[in-house]
Amino acid sequence: MSSAPHSRNQHAVDAGIDHITLSVGDARARAAEFVERYGFEVIAAGDTEEFTAVAVRQRDVVLVLLEGRTDEHPSTLYTARHGDGVSGIALSVDAPDPTVLEAFGDVTHTFVSRPAGAPWSLPGITPVPAADRAEGTVAPARSHLLCVDHVAICLENGELDPTVEFYARVLGWRVVFEEDIHVGAQAMQSKVVQSPGGGVTLTLLQPMTGAVPGQIDDFLKKHGGSGVQHLAFAVPDVVDAVADLGSAGVRFLVTPDSYYEDLEERLGGSGHAVAELRKYSVLADRDHDGELFQIFTRSEHPRRTLFMEIIERRGATTFGSNNIRKLYEAVERQDRA
């Protein structure tokens, strides 16, 4: 792991997520999927000799679908190694210096500062007039996503502590949660790093030495090294969101009925009726601050790597670790299907 020519952290870097870049083989097709299935809107686009890019937005979530058009373009190299996936997490800051940091695997951080009220753009990517934004797409799904709750990252064994140290040393971020998670003979270590104001949260995972290889190992093998496993999108009401997203074509993992048999007893009452959670396969958990509800999409990636999470927080500040076993079971059923 390395950083740009000089370290940024004389002070802790408070930041939000300006946008997330996904390097893809077909930018327009992937953008259309986010519009039609998730309710995004195209806000900017660009075609150059080197790349094609489409930026889509939903409230505070901006995704840039980036397609390399030359053999040497970074997105071309990324997709050749990993397939479609997250290649960049751009951070919104007051002073964008340095421009780029190598973060983990082939993922970079860029620093972006935007004038208040200015149309969203990047070099080579210009705003799309509102009248043209829906051209060539079917009616989009209803809008539910609020922001990026967190980004989940799988790391090669031995990279967890150096990655945490990188975020502490270079950006001044801190660990806000950590635990070892055991699922039968499988096990992983997790540490969560967060920017000072809480605007960016990264969940870092690595396989545990000596454990039976599990889904983190599987991701690393299929992805070709460390990378982003999933993006978690916050919503105000998970049941409404999942109902609409499912109708628009988003496919979710299925939770076994047995999970819900003692759910009300385990939670001590819930903000959603257990029957509704069961109907939509939503997982529920409680920590010392409140409840959270979450569900994971089926991976549409040919390598079965990148997927999405839909999460509703009702005060909870942790990440549903009690549901990790349920996620593992569901993903394993998907892989056997």
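Here's what I pulled together on the structure shown here. Given the structure is predicted, the values throughout are model-derived calculations rather than measurements. (Residues numbered from 1 in each chain as written. Predicted model: local features only at pLDDT ≥ 70, side-chain atom pairs only at ≥ 80, totals over all residues. Heavy atoms only, no water.)

**Focus on the overall build of the protein chain**
Quick reminder of the rule: Working definition: helices are DSSP H or I runs of at least four residues, strands are E runs of at least two. Numbering for both runs from the N terminus. With C-alpha atoms as the basis for the radius of gyration, the globule rule is written as 2.2 Å multiplied by the number of residues raised to the power 0.38. Whether a residue is buried, partly exposed or exposed follows from its accessible area with a 1.4 Å probe, protein chains only, as a fraction of its type maximum: under 20%, in between, or over 50%, in that order. We call two residues in contact whenever any of their non-hydrogen atoms come within 4.5 Å of each other. Each accessible area is a Shrake-Rupley estimate made with a 1.4 Å probe; only the visible protein chains count as cover when residues are assessed. We treat Lys and Arg as the positive residues and Asp and Glu as the negative residues; His and chain ends play no part in the count. For the purpose of locating charges, the reference atoms are NZ of Lys, CZ of Arg, CG of Asp and CD of Glu.
When helices and strands are tallied, the protein chain shows 8 helices and 16 strands. For 337 residues, the compact-globule estimate of 2.2 N^0.38 gives 20 Å, and the protein chain sits close to it at 20 Å. Overall, the protein chain is about 55 × 45 × 40 Å in size when its C-alpha atoms are taken along their principal axes. Burial statistics for the protein chain: of 337 residues in total, 51% are counted as buried. Of all intrachain contacts in the protein chain linking residues separated by at least 6 positions in sequence, the fraction that spans at least 24 positions is 66%. When the accessible surface of the protein chain is totalled, it reaches about 14,900 Å², and 49% of it is carbon and sulfur. A gap of 3 Å separates the mean positions of the 30 positive and 49 negative side-chain charges of the protein chain.

**Quick look at the nonpolar core**
This is how it is decided: In these notes, a set of buried Ala, Val, Leu, Ile, Met, Phe, Trp, Tyr and Cys residues joined through side-chain atoms within 4.5 Å is what counts as a nonpolar core.
Counting residues in each nonpolar core, the largest one holds 72 residues, and the members touching the most others are Val 56, Leu 63, Val 151, Trp 173, Leu 202 and Ile 310. Among the elements that take part in this core, helix α3 (residues 160-171) stands out by supplying 6 residues, more than any other. If we ignore the near neighbours within four places in the chain, the residues touching Leu 63 are Ile 20, Leu 22, Phe 34, Phe 40, Val 54, Ala 55, Val 56 and Leu 231. In this structure, Ala 55, Val 64, Trp 120 and Ile 125 belong to the second largest nonpolar core, which totals 10 residues.

**A short note on the sheet that holds strand β1 (residues 16-23)**
For clarity, the cut-off: By this definition, two strands are paired if DSSP reports at least two bridges between them. Axes here mean lines fitted to C-alpha atoms, for a helix over just the part in contact, with angles spanning 0 to 180 degrees between N-to-C directions.
Here we have 8 strands laid out as an open sheet, ordered β6-β7-β5-β1-β4-β3-β2-β8, and mixed in their pairing. Two strands lie at the open edges of the sheet, namely β6 (100-104) and β8 (126-127), each paired on one side alone. Here β6 pairs with strand β7 (residues 107-112) via 4 bridges, running antiparallel. In the strand pairing of β7, Glu 102 is matched with Thr 108. In this fold helix α1 (residues 27-38) packs onto β2 (41-47), β3 (51-58) and β4 (61-68), with an angle of close to 10° to the strand it touches most, β3.

**Let's talk about the environment of Ile 181**
By the element assignment, Ile 181 lies in strand β10 (residues 174-183). Spatially, the C-alpha atoms of Ile 181 and Gly 124 are 43 Å apart, while their sequence positions differ by 57 residues. Once you skip the residues sitting within four places of it in the chain, Ile 181 turns out to touch Gln 186, Ala 187, Met 188, Ser 190 and Ile 324.

**Here's the deal with the packing of aromatic side chains**
Stated precisely, the cut-off is as follows: Stacked, tilted and edge-to-face pairs are distinguished by plane angle, under 30 degrees for stacked and over 60 for edge-to-face with tilted covering the rest, among Phe, Tyr and Trp rings (Trp via its six-membered ring) whose centres lie within 6.5 Å. The rule for a charge over a ring is simple: NZ of Lys or CZ of Arg within 6 Å of the ring centre, and within 35 degrees of the ring normal.
Under the criterion given, the structure shown has 9 aromatic pairs. For the pair Phe 40 and Phe 233, a centre-to-centre distance of 6.4 Å together with 65° between the ring planes defines the contact as edge-to-face. With Phe 40 in the loop between α1 and β2 and Phe 233 in strand β13 (residues 227-234), this residue pair connects regions lying 193 residues apart in the sequence. Ring geometry for Phe 296 against Phe 307: centres 6.1 Å apart, planes inclined by 75°, an arrangement best described as edge-to-face. Of this pair, Phe 296 sits in strand β15 (residues 290-296) while Phe 307 sits in strand β16 (residues 307-314), and the two are 11 residues apart along the sequence. Through successive ring pairs, a cluster of aromatic residues spans Phe 34, Tyr 38, Phe 40 and Phe 233. In this arrangement the basic side chain of Arg 313 is found over the ring face of Phe 319, its NZ or CZ atom lying 5.1 Å from the centre.

**A closer look at the pairing of β7**
One ladder, built from 5 bridges, connects strand β5 (residues 85-92) with β7; its direction is parallel. When the sheet's bridge partners are listed, Ala 90 is paired in β7 with Thr 110. Connecting β6 to the antiparallel partner β7 that follows it, the hairpin turn spans 2 residues, and Gly 105 within it adopts a positive phi of roughly 50°.

**A short note on the side chain of His 150**
Here is the rule we go by: Here a polar contact means two N or O atoms within 3.5 Å. Within protein one must be a hydrogen donor candidate and the other an acceptor candidate, and residues neighboring in sequence count only if both atoms are side-chain atoms.
Among the structural elements, His 150 can be located in strand β9 (residues 147-154). Residue class for His 150 comes out buried when judged on its relative accessible area of 4%. There is a polar contact of 2.7 Å between the side chain of His 150 and the side chain of Asp 149. Among the polar contacts listed, one links the side chain of His 150 to the side chain of Glu 309, at a separation of 3.3 Å. Ignoring anything within four residues of it in the chain, the contact list for His 150 reads Thr 201, Thr 203, His 230, Leu 231, Ala 232, Glu 309, Ile 311, Arg 313 and Phe 319.

**What to know about the pattern of salt bridges**
So the rule is basically this: By definition, a salt bridge exists where a carboxyl oxygen of Asp or Glu is found within 4 Å of a side-chain nitrogen of Lys or Arg.
Tallied over the entire structure, the rule returns 16 salt bridges. One salt bridge connects Asp 18 with Arg 114, and the closest N-O pair in it is separated by 2.7 Å. Taken as a pair, Asp 18 in strand β1 and Arg 114 in the loop between β7 and β8 lie far apart in primary sequence, 96 residues in all. Asp 18 sits in the buried class, given a relative accessible area of 10%. Among the residues examined, Arg 114 registers a relative accessible area of 30% and is labelled partly exposed. Note that Asp 262 is salt-bridged to Arg 266, the shortest N-O span being 3.1 Å.

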